[in-house]
Amino acid sequence: MTAVTANKATQVQELMIRAKSAMAAYLPNVMSHERLMRLAMAATRDPKLARCKPISIVECMVIAAKTGLEPGMPGQAALVPFKDECQFIPEFQGLVELARRSGKIGAVWANVIYEKDDYEIAEGSEPKLTHKPDYFSDDRGKALGAYACARFTGTGEIQWTFVPVREINKIMRGVRS
């Protein structure tokens, strides 16, 4: 660890200690301030994250406390450096977890539609999405797009959205890396 990295780690640790009481109000039962402190210190050992401003790492830990999503847990959330700022990025499973915690969503699922799959998509006054993938086929063809569905608790209503591959590619080209 270089002197600069050690100094930033010390700054992060000091900021986390000062923020402890403020974070305590947000922390879910399954996450302790000590756990957040370990996550923050681990972030300073990552060479790319170590270049981030210490306050931005602590701000990410506050977001982790508020959401109950743990950076570094596969599928929950990630800490991503953008220039000298650390960003808290919820991942798909983390977003699903937040939706379920709301009590309004019972289930969430997603899939890719390939050209040789059996599917029907209709929008308008009677929206419909049916998809019968052939998981046993060695060649399902090119990917046409992807969809995500959510089932609401209480009503059982399902809402869905479909995104064609060209839109997915356009989004991916615009994602900061």
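Placed above this text is the structure.
Residues numbered from 1 in each chain as written. Predicted model: local features only at pLDDT ≥ 70, side-chain atom pairs only at ≥ 80, totals over all residues. Heavy atoms only, no water.

## Here we look at the overall build of the protein chain
A count of helices and strands for the protein chain gives six helices and seven strands. Whereas a compact globule of 177 residues would reach a radius of gyration of roughly 16 Å, the protein chain reaches 21 Å, over 25% beyond that. With the principal axes as the frame, the protein chain shows a C-alpha extent of 60 × 35 × 30 Å. Put simply, the protein chain has 177 residues, and 31% of those count as buried. (Helix = DSSP H or I, 4+ residues; strand = E, 2+ residues; numbered from the N terminus. Rg over C-alpha atoms; globule rule 2.2 N^0.38 Å. Buried < 20%, exposed > 50% of the residue type's maximum accessible area, 1.4 Å probe, protein only.)

## A look at the packing of helix α3 (residues 33-45) against helix α4 (residues 54-67)
At their nearest, the axes of α3 and α4 sit 10 Å apart, and the two run at 145° to each other. Where α3 crosses over α4, the handedness of that crossing is right-handed. When α3 is examined against α4, the residues L36, L39, A40, A43 and T44 are found in contact with a partner set consisting of I57, M61, A64 and A65. Classifying every residue of the contact of α3 with α4 gives eight nonpolar, one polar and no charged. (Axes fitted to C-alpha atoms, helices over the stretch in contact; angles between N-to-C directions. Left-handed = near helix turned anticlockwise from the far one by under 90°. Contact = heavy atoms within 4.5 Å. Nonpolar A, V, L, I, M, F, W, Y, C, P; charged D, E, K, R; others polar.)

## Some remarks on the side chain of D117
If you trace the backbone, D117 turns up in the loop between β3 (105-114) and β4 (118-122). At a separation of 2.8 Å, a polar atom in the side chain of D117 contacts the side chain of H131. Beyond its immediate sequence surroundings of up to four residues, D117 is in contact with V112, H131, K132, P133, D134 and R140. (Polar contact = N/O pair within 3.5 Å; in protein donor to acceptor, adjacent residues only side chain to side chain.)

## Things to note about the pairing of strand β7 (residues 158-164)
Pairing of strand β6 (residues 143-152) with β7, which is carried by seven bridges, proceeds in the antiparallel orientation. Bridge pairing links G145 to P164 in β7. (Pairing = 2+ DSSP bridges.)

## Overview of the nonpolar core
Formed by 27 residues in total, the largest nonpolar core has its most connected members in M16, L36, M61 and L79. When contributions to this core are tallied by element, the ones reaching two or more residues are α1 (3-18), α3, α4, β1 (77-82) and β2 (85-90). Apart from residues no more than four positions distant in its own chain, M16 is found in contact with M23, H33, L36, M37, A40, V58 and M61. (Core = buried A, V, L, I, M, F, W, Y, C linked by side-chain atoms within 4.5 Å.)

## Description of the pattern of salt bridges
Close approach of charged atoms lets side chains of opposite charge pair. Counted according to the given criterion, the structure contains nine salt bridges. Linking E70 and R35 is a salt bridge whose minimum nitrogen-to-oxygen distance equals 2.3 Å. Here E70, found in the loop between α4 and β1, pairs with R35, found in helix α3; they are 35 residues apart in sequence, far enough to count as distant. Residue classification places E70 among the buried positions, given a relative accessible area of 12%. One salt bridge connects E97 with R101, and the closest N-O pair in it is separated by 3.2 Å. Placement of both E97 and R101 in helix α5 (residues 92-101) is noted, with a separation of four residues, approximately one turn of the helix. Under the relative-accessibility criterion, E97 is labelled partly exposed at 32%. (Salt bridge = Lys/Arg side-chain N within 4 Å of Asp/Glu carboxyl O.)

## Regarding the sheet that holds β7
With antiparallel pairing, the three strands of this open sheet are ordered in space as β3-β6-β7. Both edges of this open sheet fall to β3 and β7, since each of them pairs with a single strand only. The average undirected angle you get between the axes of adjacent strands in this sheet is 15°. Sheet strands touched by helix α6 (residues 165-174): β6 and β7. Its angle to β7, the strand with the most contacts, is close to 75°.

Function-wise, these values are silent; they only describe arrangement.
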